[in-house]
Amino acid sequence: MLKTETITINMGPQHPSTHGVFRMVLTLNGETIVDLKPMFGYLHRGLEKTSESRTYLQAVPFTDRLDYICSMSNNFAYAVAVEKLAGIEVPLRAEYIRVIMAELTRLVNHMLAVGFLFNDLGAWYTPVVYAFRERERILDLFEMASGSRMMCNYIRPGGVAADLPAEFLPQLRKMIPHLENFVREIRFYLSDNEIFKARAVGVGFLPADMAVAYSITGPVLRASGVKYDVRKAEPYSIYDQFDFDVPTQVAGDVYARYLQRLDEMDESLKILRQAVERIPEGEYATKVPSRLRPPKGEAYARIEAPKGELGFYLVSDGSPNPYRWRNRPPSLINLSALREMCLGHKVADVVTILGSIDITLADVDR
Amino acid sequence: MQVLDDLWIRIAVWFRGLLESFLPPWAVQLTMDVLGILLLIVLGIVVVLAFTYMERKVIARVGDRIGPNRAGPFGIFQAIADAIKMLTKEDVTPTNADRWLFLAAPIVVIIPAVLLYAVLPLGRGMVGVDLNIAVVFVVAMGGIPILTMLMAGWASNNKYALLGAFRTVAQLISYEVPMVVALLTVVLLAGTMSTVGIVEAQASFPFALVTPVAFVVYMLAGLAELNRTPFDLLEADSEIVAGYFIEYSGMKFAMFFLAEYINLFMVAGMITTLFLAGWQWPILPSWLWFLIKVVLVIFLMMWIRATFPRFRIDQMLGFAWKALVPLSLINLFLVALVAKVLEPGWVRTGVLFVSNLALLAGAIAIMAQVARKREERARAAGEAAIKRYYGSEVR
Amino acid sequence: MQDNYGFLGLYLLIAIAFPFVALGVAYLLRPKRPAPVKSSTYECGLETIGETWVQFKAQYYLYALVFVVFDVETVFLYPWAVAYNRLGLFALVEALIFVGILVAGLAYAWRKGALRWM
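Residues numbered from 1 in each chain as written. Chains lettered and ligands numbered in written order. Predicted model: local features only at pLDDT ≥ 70, side-chain atom pairs only at ≥ 80, totals over all residues. Heavy atoms only, no water.

Q: Explain the pairing of strand 2 (residues 23-29) of chain A to me, please; I cannot follow it from the model alone.
A: Look at any regular strand and the pattern is simple: side chains alternate between the two faces of the sheet. Residue and element names in this part refer to chain A. Within strand 2, six of the seven residues are buried, which leaves the element mostly enclosed by the surrounding structure. As paired strands, strand 1 (residues 7-11) and strand 2 are joined by five bridges and run antiparallel to one another. When the bridges of strand 2 are listed, Ile9 appears paired with Leu26. Two successive antiparallel strands, strand 2 and strand 3 (residues 32-39), enclose a turn made up of two residues, where Gly30 displays a positive phi of approximately 70°. (Buried < 20%, exposed > 50% of the residue type's maximum accessible area, 1.4 Å probe, protein only. Helix = DSSP H or I, 4+ residues; strand = E, 2+ residues; numbered from the N terminus. Pairing = 2+ DSSP bridges.)

Q: Teacher, can you tell me more about the packing of aromatic side chains here?
A: Two numbers describe a pair of aromatic rings. These are the distance of the centres and the angle of the planes. Applying the stated criterion across every chain yields a total of 29 aromatic pairs over all chains. When the ring of Phe102 of chain B is compared with that of Tyr248 of chain B, the centres are 4.1 Å apart and the planes differ by 5°; the resulting orientation is stacked. With a gap of 146 residues between them, Phe102 of chain B in helix 5 (residues 99-116) and Tyr248 of chain B in the loop between helix 10 (212-225) and helix 11 (250-275) connect regions that are remote in the sequence. Like Phe102 of chain B, the residue Tyr248 of chain B is buried in the burial classification. Members of the aromatic cluster, connected to one another through ring pairs, are Phe76, Tyr96, Tyr236, Tyr239, Phe242 and Phe244 of chain A. Note that Lys232 of chain A overlies the ring of Phe244 of chain A, its terminal NZ or CZ placed 4.4 Å from the centroid. (Phe/Tyr/Trp six-rings, centres within 6.5 Å; stacked < 30°, edge-to-face > 60°. Lys NZ or Arg CZ within 6 Å of the ring centre and 35° of its normal.)

Q: Quick question: what am I supposed to make of unusual backbone geometry here?
A: The backbone phi angle of Ser237 of chain A is positive, close to 50°, even though this residue is not glycine. With respect to the secondary-structure elements, Ser237 of chain A resides in the loop between helix 10 (230-233) and helix 11 (254-278). Although it is not a glycine, Asp64 of chain B sits at a positive phi angle of roughly 60°.

Q: Help me out: how do you make sense of the packing of helix 3 (residues 25-62) of chain B against helix 11 of chain B in this one?
A: Angle between the axes and distance between the axes: these two values describe a pair of packed helices. Residues and elements named next belong to chain B. Where helix 3 contacts helix 11, the two axes come as close as 9 Å, and the packing angle between them is 90°. Judged on the interaxial angle alone, helix 11 and helix 3 are roughly perpendicular. Across the interface between the two elements, Gly44, Val47, Val48, Phe51, Thr52 and Glu55 of helix 3 pack against Phe257, Leu258, Tyr261, Ile262 and Phe265 of helix 11. Taken together, the residues of the contact of helix 3 with helix 11 break down into eight nonpolar, two polar and one charged. (Axes fitted to C-alpha atoms, helices over the stretch in contact; angles between N-to-C directions. Parallel < 35°, antiparallel > 145°, perpendicular 65-115°, else oblique. Contact = heavy atoms within 4.5 Å. Nonpolar A, V, L, I, M, F, W, Y, C, P; charged D, E, K, R; others polar.)

Q: Mind showing me how you'd approach the sheet that holds strand 2 of chain A here?
A: Strand pairing in a sheet takes place through backbone hydrogen bonds and is either antiparallel or parallel in direction. Residue and element names in this part refer to chain A. Taken together, the three strands give an open sheet; going across it, the order is 1-2-3, and neighbouring strands pair in antiparallel fashion. Each end of this open sheet is capped by a strand with a single partner; those strands are strand 1 and strand 3. Mean inter-strand twist for the sheet, computed between neighbouring axes without regard to direction, equals 20°. Of the strand pairs in this sheet, strand 2 and strand 3 are connected by seven bridges, and their pairing is antiparallel. The residue bridging Asn29 from the neighbouring strand is Thr32, located in strand 3. Strands strand 1, strand 2 and strand 3 of the sheet are contacted by helix 14 (residues 347-357), whose axis makes an angle of about 150° with strand 2.

Q: Just to check I follow, could you spell out the pattern of salt bridges for this structure?
A: Two side chains of opposite charge can pair, provided their charged atoms sit close to one another. Residues and elements named next belong to chain A. Enumeration over the complete set of coordinates arrives at 38 salt bridges over all chains. One salt bridge in this structure joins Glu48 and Arg366, with 3.2 Å as the shortest N-O distance. Taken as a pair, Glu48 in helix 1 (residues 47-52) and Arg366 in the segment after helix 15 (361-365) lie far apart in primary sequence, 318 residues in all. Neither Glu48 nor Arg366 differs from the other in exposure class; each is buried. For the salt bridge of Glu304 with Arg222, the shortest nitrogen-to-oxygen distance reads 3.0 Å. Of the two residues, Glu304 sits in strand 6 (residues 297-305) while Arg222 sits in helix 9 (residues 219-223), which places them 82 residues apart along the sequence. Judged by its relative accessible area of 2%, Glu304 falls in the buried class. Judged by its relative accessible area of 0%, Arg222 is buried. A network of salt bridges, in which partner residues are shared, links Glu103, Arg106, Arg222, Asp229, Arg231, Glu264 and Glu304. (Salt bridge = Lys/Arg side-chain N within 4 Å of Asp/Glu carboxyl O.)

Q: Which parts of the structure should I look at to understand the sheet that holds strand 7 (residues 308-316) of chain A?
A: Residues and elements named next belong to chain A. Judged by pairing direction, the sheet is antiparallel, and its three strands sit side by side in the order 6-7-8 without closing on themselves. Looking at the sheet topology across the chains shown, the edges are occupied by strand 6 and strand 8 (322-328). Pairwise comparison of adjacent strand axes, ignoring direction, gives a mean angle of 10° for this sheet. Inspection of the sheet shows strand 6 paired to strand 7 by nine bridges, in the antiparallel sense. Bridge assignment links Glu304 to a residue of strand 7, and that residue is Glu309. Sitting on the sheet, helix 3 (residues 71-86) touches strand 6, strand 7 and strand 8, and the angle it makes with strand 6 is about 150°.

Q: Would you mind going over the packing of helix 13 (residues 313-341) of chain B against helix 3 (residues 89-112) of chain C with me for this structure?
A: Put simply, helix 13 of chain B and helix 3 of chain C touch, their axes get as near as 11 Å, and they point 170° apart. Relative to helix 3 of chain C, the element helix 13 of chain B is oriented roughly antiparallel. On the side of helix 13 of chain B, the interface is formed by Trp321, Lys322, Val325, Leu329, Phe333, Ala336, Leu337 and Lys340 of chain B, while helix 3 of chain C contributes Leu89, Leu92, Ala95, Leu96, Val99, Val103, Leu106 and Trp110 of chain C. Here the contact of helix 13 of chain B with helix 3 of chain C is composed, by residue class, of 14 nonpolar, no polar and two charged.

Q: When you look at the interface of chain C and chain B in this model, what are you seeing that I'm missing?
A: How big an interface is tends to be stated in terms of the accessible area lost upon association of its parts. Between chain C and chain B, the residue contacts involve 69 residues of the former and 81 residues of the latter. Summed over the shared surface of chain C and chain B, the result is zero salt bridges. The interface formed by chain C and chain B contains two residue pairs in polar contact (both at pLDDT 80 or more). Contributing elements (two or more residues each) for the side of chain C that touches chain B: helix 1 (2-29), helix 2 (59-82) and helix 3 of chain C. A per-element tally of the side of chain C that touches chain B places helix 1 of chain C first, with 18 residues. Residues belonging to the side of chain C that touches chain B are distributed by class as follows: 49 nonpolar, 10 polar and 10 charged. (Polar contact = N/O pair within 3.5 Å; in protein donor to acceptor, adjacent residues only side chain to side chain.)

In structure tokens form, the structure reads like this:
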């Protein structure tokens, strides 16, 4: 064979499909990936250190900015951690509201992940625009409850910031069949697209054992066939009271991850249906002092965020400020297997694989 | 109706008469030629303006958006605003680029695009020049942009551009082959290479009905030659950002853009001419029929662009060589055989139509089989990994 | 017929003039404020690493070679197709053999993996 030289190419930080300011240094032989070095940190804001100089409650808005697509889940995880540390009881109504918000967030995240995956595949914005349309409807609900569409800052230690407005639940009841229909539509129009299948089946294969070794979580792990979901493995809040399944796939490729997200949307809608029926009247929060001084000690709490396991590790020295404020971001840890998934594939596959992992750079860099 | 049908020809004849009253014959001919050419070039630019606007509106509507609506009523001046912006935009040449090649590429790319209009029959008796080798002329002119894209990609000294340029070489020349064979089928049926002759040969049946395989192959190859979805990997903005013209800005970029849309009209015009009976069909004036068909074909292309993801380079080349080339060759000989055995008429058209559909169905079945195999392989790999992890059966 | 090519020649001249006019007008209208950073190579906001003009993968040229074979073939087939209605059944057989040899070549290239993108 003729002698060929490899070229090194920077993909990102300023690239249309790296989902933010992410940079990959690709070494190519022709169009085949020989080596890939992920480089990140362009969006590092030092949220952990900043939060350590604030009180426990002042840190809630910072969690919004971790994964800005799913601010509600981030609030949720942080609230659970603080409550564990300080031993705060949460009223039942607040727990229901939290579950409703967390599952709505999961829907928002998954529909965007699917939409942007198609954008990366070159489907010219059409799927993503439809995903955005549905997302806006859910964001209307968020705005109704919290006054903000993206940076909700709604789920607080002790409960939620405010009770649901009267028109929230009726509108949510109307939304659920609509969203179920939307998921059906996605399945109908996109799942059997031959070009999509050609691009996704067998691409970015992540074996189950390797996924566990890299401590991948969330839809990416379950798409590889490992049945692990924090909501079932270590139930938090009131998830043990709901009837839902943990769907898994077998193939562990981009296509399996896409199907996994659709299946999870169905399960989320199932939980939402139950929550809307059963939500009780009552208090929406327990009073928590604004300068909360948890007893000395440490706590780690984790929840199943849309992108994977989101954990907060808090250490208290008895003062109003946390001694250590540590966050386990699902995006960063899922990203660690990117190289393994990409080697041997083509340049075009890199963006698809990255899109199928579904990261938010704000969550990676913090 | 007759008046409308040869409206443009009447105007031309009247104008020629006007010129003849005060100019010598050779000058009349020259003026008429130059005016005709300028008209064709102006048509090209008008077409670009109209179709960029149409494309944006169509894609917007498919995505449940409104599209351009600021410049003028319904945003109809958007294209003009874009043109003015292109014209007055600073033009940057990268320091490391090969200056002369960088400048030459946008100049060379537009020339064949403009030249192609010469052989497009826009209506009854409305063609720049009725060349007896028009089909070969179209193929030859269609080959030049490939060279310019390689020039642009290489001269930019940019890795994305280089990748785009190499993809161009592989993709465009690969799709040239099925395209040429599909053209060959039409030439065989029509017995002439003149575009006017081909249109006239479709008086009773459009060739899209006679040989759907050639129509589909030509349509797909046309999409590939135009770098349009699902074959837009040359400029794939989500992968290699913009491909070979990544470093171009201002009017030089506009040249590539112009060439792309002029070629869009040209390919749609060729599809209309070769397969949809060109300007034929009753009642409406011929030039209006031609325009309607072209717009429909272009709408189909925009619809595809708005709804389909794109292929990967290896899949796309495999599709050309392993699916389209054999398919079009088989079809060529099928058509040749039937044309030899049966006389032209309803029976021959019917036989060809049915056998072509069967051929298409067979090809699709084989491709579906290949796709299923790939899915099974992926599933098996996943199952093996799960077994490795759990140490036993799945779940 | 001579007239046709005369027209095409004239058309070619005007077509060549067209981009020069367009670029010339733009040259007069556009602002010119060059800056070293502005005219650096675009690579997602970073400096390029290593050489761009390298010895690139030869795979692309294999396609070009196969293409040349097929394109020359079709050039021979065009006159055949134009005259097809006036030729006998023998013409069909002849062309079949001709294309058959080429298809055998394609099959060989396919088997050898020249059509597999690496």
